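# Architecture and fold: a report
Residues per chain, in single letters:
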Amino acid sequence: MTVNANPDAGVNTWRDLPAAQQPDWPDPEALRDVIAELESYPPLVFAGECDQLRERMASVAKGEAFLLQGGDCAEAFDAVSAEQIRNKLKTLLQMGAVLTYAGSVPVVKVGRIAGQYSKPRSKPTETRDGVTLPSYRGDSVNGFEFTAEARTPDPQRLKRMYHASAATLNLVRAFTTGGYADLRQVHAWNQDFVKNSPSGQRYEALAREIDRALNFMNACGVDPEEFKTVEFYSSHEALILDYESALTRVDSRTGNLYDVSGHMVWIGERTRQLDGAHIEFAARIRNPIGVKLGPSTTPEDALALIERLDPEREPGRLTFITRMGADKIRDRLPTLVEKVTASGAQVAWVCDPMHGNTFEAASGHKTRRFDDVLDEVKGFFEVHKGLGTHPGGIHVELTGDDVTECVGGGDEIFVDDLHQRYETACDPRLNRSQSLDLAFLVAEMYRDQ
Ligand SMILES: O=C[C@H](O)[C@H](O)COP(=O)(O)O
Ligand SMILES: C=C(OP(=O)(O)O)C(=O)O
C-alpha cells in the first residue's frame, strides 16, 4: 500500500532548485488545482512491483540478465487504442523471445509505455513561415498542431496523461497475464516474420533452433502454464516534475517514497544536472532509476551521479543509458566504464543507439540510419568485451506499426520513402520489421560475446 506523501517526506525538495525543460504554464492556479487532483488519484503501479524490477535490474548489473527497454519516442493520447498497444507489446515480446534464447539469460522487458508523454526539446519555440510558437513538448503539455491554441501548455493534459497511462497499463497487464503473451504464440509470430518477410529469412537457422528448444521443453513435460504469462514493466522519462511528484507516495511497508506513475523512470540527457531539480527528485524515490549519458559525459559526472543516486552502491538501483552516437561510442564509453567499475559501483550499462544518431534528411524529416543504430550497439558490445564488463541491454525507440521513419533495415526504407508513413510526433522510431531485425542481430552479437 502506498499513501499520499506528506510535504515533510522530501517529495518537494526539488522545488527549490532549477528545473530544466519545464513548460511555461500560463495559469499557476489552474496548475495547482490539477496537482491537488492528481495527488488524490490511486497509484498506477505498486511499490512492490518497483522493488521487483529493481531486483531484476540488479541481475542486469551483475551480468545475469539483459534489459530490453523500448517503445514510442512520444506516446500520443489519440494512439491509446487496443491495436496500437498490442502491436507495440507484440514487437517487444518477439524481440524478448529471440534475445532470451540467443543470450541464454533472462530478458527483463520494460516498455517506454504508459507514461512516455513528455518531451524535452532543443529549442523552446518553433518558427514556421514567420510565425513563432512554443515547441511541442508532448501530449502531457500541449498539442502537436501548429496553432497558438494547441501549443499553449494546458495543465488539464496532465490528468489526461494519468488516464491514458492507466488505460494503457490496464491493457498491457491483461495481455501479459491473460494468455496473449504465451511464449509459444510469440514464437509463432517470429516464425511468421522469418517466413514472410525478406529480411526475416536470414534468421531462419536461429528460429529453427528456438523451435527445437521449445519442442524439447515440451517433451520434457515442462508445465505449459509456465509459458503463459510474462513479466513486463512500464517506464518513462521523469520530465514534468509537477506530475511526477504529485504521483509520488509513501510506501506504508517501509516509509520510503515511490514515484507510482511507472515502475522505472529515467532522467534525460538535458535534465541530468547534478545541482538541478530532476536529480534531486530522483534521489528521493526508491524506484529503479535510469540516467541518459551523452557524449560529453565525463567520468567525474558519472561518479557524481552515482554518489547522488546510488550512495549505497546497490545493484539494480541505477542504470546508465549511454547514447553517444555510432561515431563516438568506441571513443567515449571505455573511460566511463573503466572509472565507474574501478569505483566499485555496480550500475547496469544499457545502450540507447537512437538519440546520438539523429539527422535531418533533405526532405526535412528527422531520421536515423538503421546501420548507425546497429553500429552503435556493436560498439557498445565491443567496448564491454574489451573491458570484461557486461553489456546490460538496449533502449530503443520503436513502434509495432509499419511506419517509415528510420532509413535502412532488411526490408529497406529509403530516404524517398520517409514521407509515406512518417507518424512520429517527435523522433523517428524503428518500425516492426526493423525492430525484429535489430533483435536478431543483437542476439547474434550477444552470442558472440
Ligand atoms: O526524444 C528526444 C528529444 O525530445 C528530442 O531528440 C529533441 O528533439 P529536438 O531537437 O527536435 O527538440
Ligand atoms: C529525450 C530522450 O533521450 P535523451 O535524453 O537521451 O536525449 C528520450 O529518450 O526520449
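Presented here is a report on the structure given in the accompanying data block.

Rules used throughout
Residues numbered from 1 in each chain as written. Chains lettered and ligands numbered in written order. Predicted model: local features only at pLDDT ≥ 70, side-chain atom pairs only at ≥ 80, totals over all residues. Heavy atoms only, no water. Helix = DSSP H or I, 4+ residues; strand = E, 2+ residues; numbered from the N terminus. Rg over C-alpha atoms; globule rule 2.2 N^0.38 Å. Buried < 20%, exposed > 50% of the residue type's maximum accessible area, 1.4 Å probe, protein only. Contact = heavy atoms within 4.5 Å. Areas by Shrake-Rupley, 256 points an atom, 1.4 Å probe, with all protein chains shown as cover. Pairing = 2+ DSSP bridges. Right-handed = clockwise from strand over helix to strand, strands pointing away. Near = heavy atom within 4 Å. Polar contact = N/O pair within 3.5 Å; in protein donor to acceptor, adjacent residues only side chain to side chain. Nonpolar A, V, L, I, M, F, W, Y, C, P; charged D, E, K, R; others polar. Core = buried A, V, L, I, M, F, W, Y, C linked by side-chain atoms within 4.5 Å. Axes fitted to C-alpha atoms, helices over the stretch in contact; angles between N-to-C directions. Parallel < 35°, antiparallel > 145°, perpendicular 65-115°, else oblique. Left-handed = near helix turned anticlockwise from the far one by under 90°. Salt bridge = Lys/Arg side-chain N within 4 Å of Asp/Glu carboxyl O. Expected span 1.5 Å × (residues − 1). Lys, Arg positive; Asp, Glu negative; His and termini not counted.

### Brief notes about the overall build of the protein
When helices and strands are tallied, the protein shows 13 helices and 15 strands. Its C-alpha atoms give the protein a radius of gyration of 21 Å, near enough to 22 Å, the size a compact globule of 449 residues would have. Here the protein, with 449 residues, has 57% of them falling under the buried criterion. If you take every contact in the protein between residues at least 6 apart in sequence, the share linking residues at least 24 apart comes to 76%. Within the structure as shown, the protein displays about 17,800 Å² of accessible surface, and the carbon and sulfur contribution to it stands at 48%.

### What about the pairing of strand 10 (residues 289-293)?
Judged by how many residues are buried, strand 10 sits mostly within the fold: five of five residues are covered. Because side chains alternate across strand 10, one face comprises the buried residues I289, V291 and L293, and the other comprises G290 and K292, equally buried. Pairing of strand 9 (residues 264-267) with strand 10, which is carried by three bridges, proceeds in the parallel orientation. Following the sheet pairing, W266 is matched in strand 10 by G290. Assessed by its sense of winding, the connection that carries the chain from strand 9 through helix 9 (residues 277-284) to strand 10 is right-handed. Note: strand 10 against strand 11 (residues 318-322), five bridges, orientation parallel. Looking at the pairing, V291 lines up with F320 of strand 11. You can see the chain leave strand 10, run along helix 10 (residues 299-309) and come back into strand 11, and the turn it takes is right-handed.

### Some points on the site of ligand 2
The environment of ligand 2 is made up of 13 residues, and the closest members are R112, K119, E269, K292 and R323. When ligand 2 is considered free in solution it has 290 Å² of accessible area, and contact with the protein chains removes 98% of it.

### A look at the site of ligand 1
Ligand 1 sits among C73, K119, P120, R121, S122, R270, H355, K366, E397, C426 and D427. A distance of 2.5 Å is found between an oxygen atom of ligand 1 and a backbone nitrogen or oxygen belonging to P120. At a separation of 2.8 Å, an oxygen atom of ligand 1 approaches a polar side-chain atom of R121. Starting from 340 Å² of accessible surface for ligand 1 in isolation, the protein chains cover 83%. Its residues assigned to classes, the shell around ligand 1 comprises three nonpolar, two polar and six charged.

### As for the nonpolar core
Counting 106 residues, the largest nonpolar core has F66, L158, Y243, F320, W349 and L438 as its most contacted members. L53, M57, V110 and A348 belong to the second largest nonpolar core, which has 14 residues in total.

### Looking at the packing of helix 3 (residues 82-103) against helix 13 (residues 432-448)
For the pair helix 3 and helix 13, the least separation of the axes is 8 Å and the interaxial angle reads 15°. Classed by the angle they form, the pair helix 3 and helix 13 counts as roughly parallel. The handedness of the crossing between helix 3 and helix 13 comes out as right-handed. Only R432, S435, L436, A439, F440, V442, A443, Y446 and R447 of helix 13 make contact with helix 3, whose side of the interface consists of T91, Q94, M95, V98, L99, Y101, A102 and G103. Here the residues of the contact of helix 3 with helix 13 sort into 11 nonpolar, four polar and two charged.

### A few points about unusual backbone geometry
Unusually for a residue other than glycine, S104 sits at a positive phi of about 50°. The exposure class of S104 is exposed, given its relative accessible area of 62%. Look at R313: it is not a glycine, yet its phi comes out positive at around 55°. Within the secondary structure, R313 is located in the loop between helix 10 and strand 11.

### Comments concerning the environment of D310
For D310, the location among the structural elements is in the loop between helix 10 and strand 11. Take D310: its relative accessible area is 2%, and that puts it in the buried class. Here the alpha-carbon distance between D310 and G379, two residues 69 residues apart in the chain, equals 27 Å. Discounting residues that sit within four places of it in the chain, D310 has contacts with L305, R317 and L318. A polar contact is formed between the side chain of D310 and the backbone nitrogen of E314, at a distance of 2.7 Å.

### Description of the pattern of salt bridges
Enumeration according to the criterion identifies 33 salt bridges in this entry. When the shortest N-O distance is used, the salt bridge between R54 and D51 registers 2.9 Å. Taken together, the positions of R54 and D51, both in helix 2 (residues 47-61) and three residues apart, correspond to about one turn of that helix. For R54, a relative accessible area of 9% corresponds to the buried category. By relative accessible area, D51 is classed as buried at 13%.

### Let's talk about helix 13
Taking 1.5 Å per residue, 17 residues should reach 24 Å; helix 13 reaches 25 Å between its end C-alpha atoms and fits that length. The buried fraction of helix 13 amounts to 13 of the 17 residues, a majority that puts the element mostly inside the structure. Measuring from the backbone nitrogen of S433 back to the side-chain oxygen at the start of helix 13 gives 3.2 Å, which picks out N431 as the cap.

### Points about the side chain of K119
Summarising the element assignment, K119 is placed in the loop between strand 3 (107-112) and strand 4 (125-128). Buried and unpaired, K119 has no salt bridge, with E397 as the nearest side chain of opposite charge at 4.2 Å. Separated by 3.1 Å, the side chain of K119 and the backbone oxygen of C73 make a polar contact. Filtering out sequence-adjacent residues up to four positions away, K119 remains in contact with C73, A74, R112, R137, G138, L239, E397 and C426.

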